[in-house]
Every structure is written in C-alpha cells, then in structure tokens.
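Report on the structure
Chain by chain, the residues:
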Amino acid sequence: MQYRTPRIPQQPAPNRAEYDARLTVELATVVTGARRRALRDGDRQVDTAHLLHSLIESDPEARAAFEGGPQLAKVLGYLVQRSIGYGLRWQGAVEDSGAVPVVEGVGSALRGTGVEGWSPSAASAMAEARERAELRGEVRAGGLDLLAALASDRECRAVEVLERAGVDAEQLAARIVGVSGQGWRGVGGLTA
C-alpha cells in the first residue's frame, strides 16, 4: 500500500522583471550593482553591505543622508576594504540578522522577494523598503527607502560597516524617516 503525500499548491515566485518593476530606476540600478559586486567578490549571496556600497555609489539622495563628505568617505573606505581584508570573515557565511527566519533549502527567496542569491537580511531590507514606499502611497521603492531599512536592522552587515565608520545607524534611519514627515523626498533630496 502506498501513501501519497498531498501536494500543496505553491504560488509562483515573481520573476526578476516583476520584482524590479517595484523599484525606482535608481534603486534597480543599485540592485544591479549589488549583484555585480557580490559576483565580483566571490560571494554566494547579495548581502546588506553589497546593497549599502552600491547605494552610496549610485544614489545621490542616499549620499545626502549622511553628515557630510568625511563621514561618507569613511563608510566607503570600510566597504572597499571588504574584498582585501575587512569582511573576509563574512565569506562563506550567510548573513542572517534574525529579521527573517532562515528556512533550510529555501535559499533567499524570503519575505516575498522571490529572488535567489540574496541573504535573508538583504531580502528583508528590500521587502521593508517596498513596505516603506507603500506606506507613503508610492508604487516603487527608492534608495532612501532602502537606506532607512538597512540602517534599521541593528544586526545586519551594513549596520556593522556604518558603526565601524562612526555613523549612528539608528540616528541615520530616524533622520531619513523624520525629514518632511511621511514623504521625505524634497526638492534636491534630503533637507533637515
């Protein structure tokens, strides 16, 4: 006698085009840059430090959220060192801040991202960025949405980099959210 295991219908994960359609052009550029950086660094997954690095390089509004050039230069210095020493301890380890439960065998298709090759923390940050945009009534998430999400996750690699560079991540997240109330995008970017 054979017992059949009932099949549970699964909803198909959104493909990369559907996922990217929920991002601004600028944030889609950041995501592409983070994917390239992870591949170039020999990392198995895009993590929050890859996202932070690409975000700072590509998004002028994200750069404006920092307290000036010296602070930003120090953050970039730590991010650049990732491949030549700082961060080598991260290689081969999955970044998981606990923001999303790790499920064996599922990879990084977590919290509705449907994108393979992402650390749980990076997937969570992208999902939170989309949620932040939706709360403002926006269809697409932008760079500041992602920066606020990254800075809010006290256990992710991006926050580790920020704090080593002397940036108060909690204050950075609060500044982004607090500027201009709900919709912090002003003319010319961030304004205090």
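The following refers to the structure shown. Everything quoted here is computed from the prediction, not taken from an experiment.

**A few points about the overall build of the protein chain**
From N to C terminus, the protein chain includes 9 helices and 0 strands. In the protein chain, the order of α-helices and β-strands from amino to carboxyl end is α-α-α-α-α-α-α-α-α. Burial status across the protein chain gives 46% buried among its 192 residues. Counting contacts in the protein chain only where the partners sit at least 6 residues apart, residues at least 24 apart contribute 63% of the total. Counting every atom, the protein chain has about 10200 Å² of accessible surface; 52% of that belongs to carbon and sulfur.

**Here's the deal with helix α6 (residues 120-135)**
In this model α6 runs 22 Å from its N-terminal to its C-terminal C-alpha over 16 residues, within 8% of the 22 Å that 1.5 Å per residue would give. Across the 16 residues of α6, 12 count as buried, placing the element largely inside the fold. Turning to α6, its buried residues number three or more, namely P120, S121, A122, A123, S124, A125, M126, A127, A129, R130, R132 and A133. Immediately beyond the C-terminal end of α6, within one or two residues, lies G137, with a positive phi of roughly 85°.

**With respect to the packing of helix α5 (residues 69-81) against helix α8 (residues 157-164)**
Relative orientation of the contacting elements α5 and α8 amounts to 125°, with a least axis distance of 8 Å. Comparing their axes, α8 and α5 come out oblique. Between α5 and α8 lies a crossing whose hand is right-handed. Residues K74, V75, Y78 and L79 of α5 form the contact with α8, whose participating residues are V161, L162 and R164. When its residues are assigned to classes, the contact of α5 with α8 shows 5 nonpolar, no polar and 2 charged.

**Some remarks on the packing of helix α2 (residues 25-41) against helix α3 (residues 48-58)**
Running from N to C, α2 and α3 cross one another at 130°; their axes reach a closest spacing of 8 Å. With respect to each other, α2 and α3 are oriented oblique. Between α2 and α3 lies a crossing of right-handed hand. Between α2 and α3, the residues in contact are T29, V30, G33, A34, R37, A38 and D41 and H50, L51, H53, S54, L55, E57 and S58, respectively. Of the residues assigned to the contact of α2 with α3, the class counts are 5 nonpolar, 6 polar and 3 charged.

**Some thoughts on the nonpolar core**
By size, the foremost hydrophobic cluster in this structure holds 44 residues, and its most contacted members are L51, L52, F66, V75, L146, L147 and L172. At the level of elements, α2, α3, α5, α6, α7 (143-152), α8 and α9 (169-178) are the ones that each hand at least two residues to this core. Here this core takes 7 residues from α7, the largest share from any one element. Once you skip the residues sitting within four places of it in the chain, L52 turns out to touch V75, L79, L147, L150, A158, V161 and L162.

**Considering the pattern of salt bridges**
Overall, the coordinates contain 7 salt bridges when judged by the stated rule. E128 is the partner of R132 in a salt bridge, and the nearest nitrogen-oxygen pair spans 2.7 Å. With R132 and E128 both in helix α6 and 4 residues apart, this pair spans about one turn of that helix. Residue classification places R132 among the buried residues on the basis of a relative accessible area of 16%. Taking the relative accessible area as the measure of exposure, E128 reaches 22% and is therefore partly exposed.

**A short note on the environment of L76**
Within the secondary structure layout, L76 lies in helix α5. Residue class for L76 comes out partly exposed when judged on its relative accessible area of 25%. For L76 and I56, which are 20 residues apart along the polypeptide, the C-alpha to C-alpha distance reads 7.8 Å. Setting aside anything within four residues of it in sequence, one finds L76 in contact with H53, I56 and E57.

Analysis parameters
All residue numbers refer to positions counted from 1 along the written sequence of the respective chain. This being a predicted model, a pLDDT of at least 70 is required before a residue's local features are given, and a value of 80 or more before pairs of side-chain atoms are given or counted; all residues contribute to the totals for chains, interfaces and linings. Heavy atoms from the whole structure form the basis of all side-chain values; hydrogens and water molecules are not counted. Helix and strand labels come from DSSP, where a helix needs a run of H or I of at least four residues and a strand needs a run of E of at least two; each type is numbered from the N terminus. Summary of the burial criterion: residues with accessible area below 20% of their type's maximum are buried, those above 50% are exposed, and those between are partly exposed, where the area comes from a 1.4 Å probe applied to protein chains only. When checking whether two residues touch, look at their non-hydrogen atoms; a contact exists if any pair is within 4.5 Å. Using the Shrake-Rupley algorithm and a 1.4 Å probe, accessible areas are obtained, with residue cover drawn only from the displayed protein chains. An expected span of 1.5 Å times one less than the residue number is assigned to each helix. To obtain an axis, a line is fitted to C-alpha atoms, over the contacting stretch when the element is a helix, and the angle between two such axes runs from 0 to 180 degrees between their N-to-C directions. Reported orientations rely on four angle classes, namely roughly parallel under 35 degrees, roughly antiparallel over 145, roughly perpendicular from 65 to 115, and oblique for the rest. If you view the pair so one helix is near and one far, a crossing is left-handed when the near helix is turned anticlockwise from the far one by less than a right angle, and right-handed when it is turned clockwise. Ten residues, namely Ala, Val, Leu, Ile, Met, Phe, Trp, Tyr, Cys and Pro, are considered nonpolar, four, namely Asp, Glu, Lys and Arg, are considered charged, and the remaining ones, Gly among them, are considered polar. For our purposes a nonpolar core is just a set of buried Ala, Val, Leu, Ile, Met, Phe, Trp, Tyr and Cys residues, chained together by side-chain atoms within 4.5 Å. The term salt bridge refers to a side-chain nitrogen of Lys or Arg lying within 4 Å of a carboxyl oxygen of Asp or Glu.

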